[in-house]
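Spelled out, the chains give:
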Amino acid sequence: MEHPIEMNTLSQVLEKLRLKGLDNEIKMTDHGKMQGVGINKIYNPEDLTIIKTYRFEGDSDPADNSILYLLEDKDKQIGYILDAYGMYSSQENAGFDDFLKKIPTADRDMQELFS
């Protein structure tokens, strides 16, 4: 029986996504929408679903805290949003938090995604 590989760091999760071809970063545009960097799609909140959230905490520096949102679009393509969280958020667009709050969530099993 195959045992899942435990992923404890941000770099491990990002590498696993890359190896599975799921490394499509999604970023906030100046127009308040999300855009797929590699696939050049523009998204509204209702076009996406958050399927998994990872939080990573730095050992000694609170500025090292980050969050990774895995998203699925209506075409079943997987992408991600990466951000620092809390007061260290790297998102300069004021609408980023509001956009994220409008995205529906559906927790999915990572074995399903990575198999």
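The structure this text deals with has already been given above.
Every value quoted in this text rests on a predicted model; they were computed, and no experiment measured them.

Visitor: Any chance you could explain the pattern of salt bridges here in plain terms?
Guide: Pairing of side chains with opposite charge becomes possible as their charged atoms draw close. Using the criterion set out here, one finds three salt bridges in the structure. Salt-bridge contacts for Asp73 lead to Lys41; the nearest nitrogen and oxygen are separated by 3.2 Å. In this pair, Asp73 sits in strand 5 (residues 66-73) while Lys41 sits in the loop between strand 2 (34-36) and strand 3 (42-43), placing the two residues 32 residues apart along the sequence. Judged by relative accessible area, Asp73 falls into the buried class, the value being 5%. Look at Lys41 and you get partly exposed, because its relative accessible area is 23%. Note that Asp75 and Lys41 form a salt bridge whose closest N and O atoms lie 2.5 Å from each other. Remark: Lys41 occurs in the loop between strand 2 and strand 3 and Asp75 occurs in the loop between strand 5 and strand 6 (78-84); sequence separation between them is 34 residues. Put simply, Lys41, Asp73 and Asp75 are held in one network by salt bridges that share partners.

Visitor: Looking at this structure, how should I read the sheet that holds strand 3?
Guide: Whenever strands of a sheet pair, they do so through backbone hydrogen bonds, lying parallel or antiparallel. Strand order in the open sheet formed by three strands is 1-2-3, and the pairing between neighbours is antiparallel. Each edge of the open sheet is held by one strand with a lone partner, namely strand 1 (26-28) and strand 3. Here strand 1 pairs with strand 2 via three bridges, running antiparallel. Paired with Lys27 across the two strands is Gln35, which belongs to strand 2.

Calculation criteria
Residues numbered from 1 in each chain as written. Predicted model: local features only at pLDDT ≥ 70, side-chain atom pairs only at ≥ 80, totals over all residues. Heavy atoms only, no water. Salt bridge = Lys/Arg side-chain N within 4 Å of Asp/Glu carboxyl O. Helix = DSSP H or I, 4+ residues; strand = E, 2+ residues; numbered from the N terminus. Buried < 20%, exposed > 50% of the residue type's maximum accessible area, 1.4 Å probe, protein only. Pairing = 2+ DSSP bridges.

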